[in-house]
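Examining the three-dimensional arrangement
These are the residues of each chain, in order.
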Amino acid sequence: MKRAILMVRVSSDEQAKGYSLDIQEKSLRDYCNRNNIEIVSVYREDHSAQTFNRPEFKKLLEFVKTAKSKIDYLFFTTWDRFSRNTTDAYEMLRKLNKLNIEVQATEQYIDFAIPENKLLLAMYLSYPHIENERRGIKIFDGVKAAKQAGRWSGKGPYGYKNTRDETNKPIIVPDEKAEIVKKIFTDFSKGKTQVEIRLECKKLGPAISKSQFSRILSNPAYIGKVLVRDKKNDKGYYINGIHMPIISSALFEKIQLLLDGNKKKRNMPKVQTIKEELYLRSHLLCPNCGNNMTGSASKSKTGHKHNYYHCNHCHKIRFRADKAHETILSIISEINFSKNANELYKLMVKKNFQEKRPQRKNSEESVRHEIALYEKRMINLQDDYADRKISLEDYNTSIERYRQKVRALQLETKENEAKQTDYKGFLKSGINLLSNLKNYYVSTDLISRMRLLSSIFPEKLIFEENKSRTLKINEAVRLLLTTDKGFNEKGTTQIFKNLELSPQVELRGIEPLSKHIRQKLSTCLFHYCLSAMNRK
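Residues numbered from 1 in each chain as written. Predicted model: local features only at pLDDT ≥ 70, side-chain atom pairs only at ≥ 80, totals over all residues. Heavy atoms only, no water.

**Section: the overall build of the protein chain**
Across its full length, the protein chain holds 18 helices and 15 strands. For the protein chain, contacts bridging at least 24 residues in sequence account for 67% of all contacts bridging at least 6. Accessible surface, the protein chain: about 30200 Å² in total, of which carbon and sulfur atoms supply 50%. (Helix = DSSP H or I, 4+ residues; strand = E, 2+ residues; numbered from the N terminus. Contact = heavy atoms within 4.5 Å. Areas by Shrake-Rupley, 256 points an atom, 1.4 Å probe, with all protein chains shown as cover.)

Written as structure tokens, this is what we have:
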């Protein structure tokens, strides 16, 4: 009789939505009874499947490694109960396969004897991961909508406390520290030094650090402004918030003029000359000390000029730049996608476009409705001002806020229209680009080449002895390259000859670079291909 271990899992938020460990366990027990499989043990978890660093799963691994009797199966109901991280899932499948344990989802059964079914496995493992990223996008969009309505999101800055208004929506209001904020701005405008002000404020409340002091002086929240970002990493723009200001706009502007000299220096973008012969300077870490490496040219005794990458921190690592460039080119040359990988890429792109189509339609209708609402409000404001129901100052403040919101919504509409690309044309161009990465890498301009490197290798490279090591590569690339391999008996996670991949890249003489960096599924190469084609 075959023997199996059962694993049931829910995360904390899933418990709140009514997911049940008992229902999962009953389903698995019924499956084993129908197939005459003996149940050896059951492991019940209430942790997120983002990683395998879960107490019960660690116990499970320890048990199967030391079990005297053979374990044939590890069962769970669906693949997202096993893992929501594609790379970690493949590595764990290989480990369990080495122990001759077949891993199966009873409600998403896969016959691994059929090679094409490995595409199905890739999809089952990928979509829970993508779902997590989609959830993060929805949260960001929700926060953005709240900010566009003038509401502060997150913990209030120093001098404010978080509470709720009469409609039970979150808002920030000045607290007892607001007077300290006023004192900071007033005293600084009169010429007092930071040290003097901080010492005086210490008598009135908790000590304020240097960095906190600087953040207070430059934070527009104190004049009622809210920062809105359309994307996570953009600079964003400020709109008038609904919370009460602590200081006047005139005082804030005066402080900014006083800070302007230093502020310009801090905000001035770093200008770094990118040299063709040393273009990897921003991509390399020292294999000895882990710091960033730089590069420079030197002349030999014969007068010939040679370029080297070297570490200015430990001064122990130095190697020829041309050798490093040859190795990187050989790694790029190894990125060749098979027929199976191309099929998986097509499925991912098709599903991505299909899922976004109804979302785009609902989003467009919602945006049009909001624009009409704000335009109606602006007309009402004009009527109220004409009837002298509001002052000119209130009218100007409100009308500008509504105009900013309309402009932001109109910009969002244009962006949505731009995203409505025919996926078939995009698919064809994307596959052509991905299938000819080496030619594109060699022929493209230097900026595009560096962007491509950053996209494929989100972590920096460690070059040593004509080989490179890195913490991870782009998950989309890794998934496509490992599709044909599945989890074979050899079980190697290395897919390049000249590049070593490891979740923990250890450097000589220091602690591992990071034992806590988690690998996240990324579609940045997917979007990079689109932007590259648009530039052409």
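Back to the write-up after that little detour.
**Looking at the sheet that holds strand 11 (residues 305-310)**
Spatially, 10-11-12 is the arrangement adopted by the 3 strands of the open sheet, whose pairing is antiparallel. Since the sheet does not close on itself, it has two edges, and those belong to strand 10 (294-299) and strand 12 (318-320), each with one partner. Averaged over all adjacent pairs, the angle separating strand axes in this sheet is 35°, with direction ignored. As paired strands, strand 10 and strand 11 are joined by 6 bridges and run antiparallel to one another. Counted as the bridge partner of Ala-297 is Asn-307 from strand 11. Where helix 11 (residues 321-333) meets the sheet, its contacts fall on strand 11 and strand 12, and the angle it forms with strand 12 comes to roughly 70°. (Pairing = 2+ DSSP bridges. Axes fitted to C-alpha atoms, helices over the stretch in contact; angles between N-to-C directions.)

**Observations concerning helix 11**
In an α-helix there are 3.6 residues to a turn, and that puts residues three or four apart on one side. End to end, helix 11 covers 18 Å across 13 residues, agreeing with the expected 18 Å (1.5 Å per residue, within 8%). Burial in helix 11 covers these residues: Ala-321, Ala-324, His-325, Thr-327, Ile-328, Ile-331 and Ile-332. One side of helix 11 carries all its buried residues, which in axial view fall inside an arc of 160°. (Expected span 1.5 Å × (residues − 1). Buried < 20%, exposed > 50% of the residue type's maximum accessible area, 1.4 Å probe, protein only. Arc of directions from axis to C-beta.)

**Observations concerning the packing of helix 8 (residues 194-202) against helix 9 (residues 210-217)**
One can describe the packing of helix 8 onto helix 9 by two numbers: an axis separation of 11 Å at closest approach and a directional angle of 100°. Here helix 8 is positioned roughly perpendicular relative to helix 9, judged by the angle of their axes. Taking contact as the criterion, the partners of Gln-194, Ile-197 and Arg-198 in helix 8 are, on helix 9, Lys-210, Phe-213 and Ser-214. When its residues are assigned to classes, the contact of helix 8 with helix 9 shows 2 nonpolar, 2 polar and 2 charged. (Parallel < 35°, antiparallel > 145°, perpendicular 65-115°, else oblique. Nonpolar A, V, L, I, M, F, W, Y, C, P; charged D, E, K, R; others polar.)

**Quick notes on the sheet that holds strand 4 (residues 102-105)**
Spatial ordering of the open sheet is given by 2-1-3-4, a layout of 4 strands whose pairing is parallel. Because the sheet does not close on itself, it has two edges, and the strands there are strand 2 (38-45) and strand 4. Ignoring which end each strand starts from, the neighbouring axes of this sheet average 20° apart. The sheet contacts of helix 3 (residues 55-66) involve strand 1 (3-9), strand 2 and strand 3 (73-76), and relative to strand 2 the element is tilted by about 155°.

**Overview of the state of the cysteines**
Counting across every chain of the model gives 0 disulfides. Here Cys-289 stays free of any disulfide, with the sulfur of Cys-311 as its closest cysteine sulfur at 3.5 Å. Residue class for Cys-289 comes out buried when judged on its relative accessible area of 19%. Among the cysteines around Cys-314, which has no disulfide bond, Cys-286 carries the closest sulfur, lying 3.6 Å off. (Disulfide = S-S within 2.5 Å.)

**Structural notes on the pattern of salt bridges**
Counted according to the given criterion, the structure contains 18 salt bridges. A salt bridge links Arg-54 to Glu-45; the nearest nitrogen and oxygen atoms lie 3.0 Å apart. Looking at Glu-45, the relative accessible area reads 2%, which means it is buried. The salt bridge partner of Asp-187 is Lys-183, with a shortest N-O separation of 2.8 Å. With Asp-187 and Lys-183 both in helix 7 (residues 178-189) and 4 residues apart, this pair spans about one turn of that helix. Relative accessible area serves as the criterion here: at 24%, Lys-183 is assigned to the partly exposed category. Salt bridges sharing common partners tie together Asp-22, Glu-25, Arg-29 and Arg-44. (Salt bridge = Lys/Arg side-chain N within 4 Å of Asp/Glu carboxyl O.)

**So, the packing of aromatic side chains**
Counted by the stated rule, this structure contains 16 aromatic pairs. The interplanar angle of 85° and the centroid separation of 6.2 Å between the aromatic rings of Trp-79 and Phe-82 together place this pair among those described as edge-to-face. Of this pair, Trp-79 and Phe-82 are both found in helix 4 (residues 79-82), 3 residues apart, which corresponds to roughly one turn of the helix. Judged by relative accessible area, Trp-79 falls into the buried class, the value being 0%. (Phe/Tyr/Trp six-rings, centres within 6.5 Å; stacked < 30°, edge-to-face > 60°.)

**What to know about the packing of helix 7 against helix 9**
Where helix 7 contacts helix 9, the two axes come as close as 10 Å, and the packing angle between them is 80°. By the criterion of interaxial angle, the relationship of helix 7 to helix 9 is roughly perpendicular. Across the interface between the two elements, Val-181, Ile-184, Phe-185 and Phe-188 from helix 7 touch Phe-213, Ile-216 and Leu-217 from helix 9.

**Describing the pairing of strand 11**
Hairpin geometry of strand 10 and strand 11 is characterised by an intervening segment of 5 residues between the two adjacent antiparallel strands and by a positive phi of about 95° at Gly-303. Where strand 11 meets strand 12, 3 bridges bridge the pair, whose relative direction is antiparallel. By the bridge assignment, His-310 is partnered in strand 12 with Arg-318.

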